[in-house]
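# What the coordinates show
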Amino acid sequence: MNNFLSTENLAIGYNDREIVKGLNLEIPKGKVTTIIGPNGCGKSTILKTLARILQPKAGVVHLDGKIIHSQTTKEIAKKMAVLPQTPEAPSGLTVSELVSYGRFPHQRGFGRLTEEDKKIVRWALKVTGLSEFEHRPIDALSGGQRQRVWIAMALAQETDLLLLDEPTTYLDLAHQLEILQLLQSLNKEQGRTVAMVIHDLNHAARFADYMVAVRDGAIVKEGTPYEVMTRDVLHEVFRIDAEIVTDPRTGKPVCLTYDLENTKQLKEAKLVLV
C-alpha cells in the first residue's frame, strides 16, 4: 500500500485518561479513507492527532516520511488541509475573506492576495456553491452554508491531503451528497488524498476506497468497504444486528436495516418462551 500519512505505536489521551493505545494506522495515498465508529470511540481524537492538533503521549505520526511534529506549521499547511468538527470563524468576516485564509501557507511578505490566490478562492467558492454568498457575513449564513465555507477554505489551501471531521454535519441530504461527491471528484480527478470521519455508515461505504472501523480507541477492522461493511464487523463495532445488501446503483455494501443487539436477544428469548 502506498502511504504518506501513518502512525506508529500511537498513544493519545487527555490528562490521565488514555483513549488510544498502540495505534498503527496507514492512510493510503491517492484514496478516499473513511473512519467509522460509535460516539466516544476515539475516531475524532485520532483525526486531530493525525492533523497535529493534538500531541500524542507516545508514538509518532509520519507525513511524507517525516515525523509530523518536527515540521513547521507552514510546512504542514502546504501538505495538509484540516476541517475540524466545530470550526469557529472570527466575527465580522465575509465568506470570501474566510476562504482566502486558505491561501496563507502560500503567501509571502505582507500576505496580500495575488491574482492567482484570488482565482483559486473564486474556484473554491464556485465548486462549493457559494459564489453568490462571497460578500455575505459568515454570521448571516445557515449551519449548512457555514460548513460549505469551511470546506471551501480547505480546498483553497490546495493541499494533496484533506482531513475532515464529519464534513456533512448540519447539511441536508442533497447537500451531503454534493459535498461528498465533490470530495470524491477531487480525489479521482486531481489525485488528492481524503481521510474523513463519517457517522453515516452508508455514506462512509459509498464514497470510500478504504475504511477503518474503530472501537474503544483501537482498530477493529480496516480494508475495502466490502471487507469492513459486514454484519460481523458492525456487530463488533456498534453492537448492532445489521442486514447488509448491495446498492444496485453503486455496487457498494449498504446497511439496509438493523436492530440493537439486546433487541435481537429479546426477540429470540420470546420465541423460546412461546
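Going by the structure above, here's the rest.
The present account deals with the structure reproduced in this document. Because the structure is predicted, anything quoted here is derived from the model rather than measured.

What counts and how
- Residues numbered from 1 in each chain as written.
- Predicted model: local features only at pLDDT ≥ 70, side-chain atom pairs only at ≥ 80, totals over all residues.
- Heavy atoms only, no water.
- 1 Å grid on protein atoms, 1.4 Å probe; cavity = no way out; pocket = protein on both sides within 12 Å on 5 of 7 lines; lining within 4 Å.
- Points joined across faces, edges and corners; volume = space filled by probe spheres on them.
- Helix = DSSP H or I, 4+ residues; strand = E, 2+ residues; numbered from the N terminus.
- Nonpolar A, V, L, I, M, F, W, Y, C, P; charged D, E, K, R; others polar.
- Expected span 1.5 Å × (residues − 1).
- Buried < 20%, exposed > 50% of the residue type's maximum accessible area, 1.4 Å probe, protein only.
- Arc of directions from axis to C-beta.
- Pairing = 2+ DSSP bridges.
- Right-handed = clockwise from strand over helix to strand, strands pointing away.

Here the largest pocket defines a volume of roughly 490 Å³. Contributions of two or more residues to the lining of the largest pocket are made by α2 (73-79), β7 (80-83) and α5 (143-156). Class assignment of the residues belonging to the lining of the largest pocket gives a composition of 14 nonpolar, 3 polar and 2 charged. Empty space within the second largest pocket amounts to approximately 230 Å³. Around the second largest pocket, the lining residues are Thr86, Pro87, Glu88, Ala89, Pro90, Ile138, Asp139, Gly143, Arg146, Gln147, Trp150 and Tyr170. Across the lining of the second largest pocket, the residue classes break down as 6 nonpolar, 3 polar and 3 charged.

All right, on to helix α4 (residues 115-127) then. For α4, spanning 13 residues, the distance from its first C-alpha to its last is 19 Å, which sits close to the expected 18 Å at 1.5 Å a residue. Along α4, the positions that sit buried rather than exposed are Asp117, Ile120, Val121, Ala124 and Leu125. Buried residues along α4 cover an arc of 140° about the axis, so they all sit on one side. Among the exposed residues of α4, those pointing more than 90 degrees away from its buried face are Glu115, Lys119 and Lys126. Gly129 sits one or two residues past α4 and shows a positive phi near 70°.

Time to look at the pairing of strand β9 (residues 193-197). Counted residue by residue, β9 has 5 buried out of 5 residues, so it is predominantly covered. The alternating pattern of β9 places Thr193, Ala195 and Val197 on one face and Val194 and Met196 on the opposite face, and all of these are buried. Bridge analysis of strand β8 (residues 161-165) against β9 gives 5 bridges, and the strand direction is parallel. Bridge pairing in β9 places Leu163 opposite Ala195. Note that the unit made of β8, helix α6 (residues 173-190) and β9 has a crossover that is right-handed.

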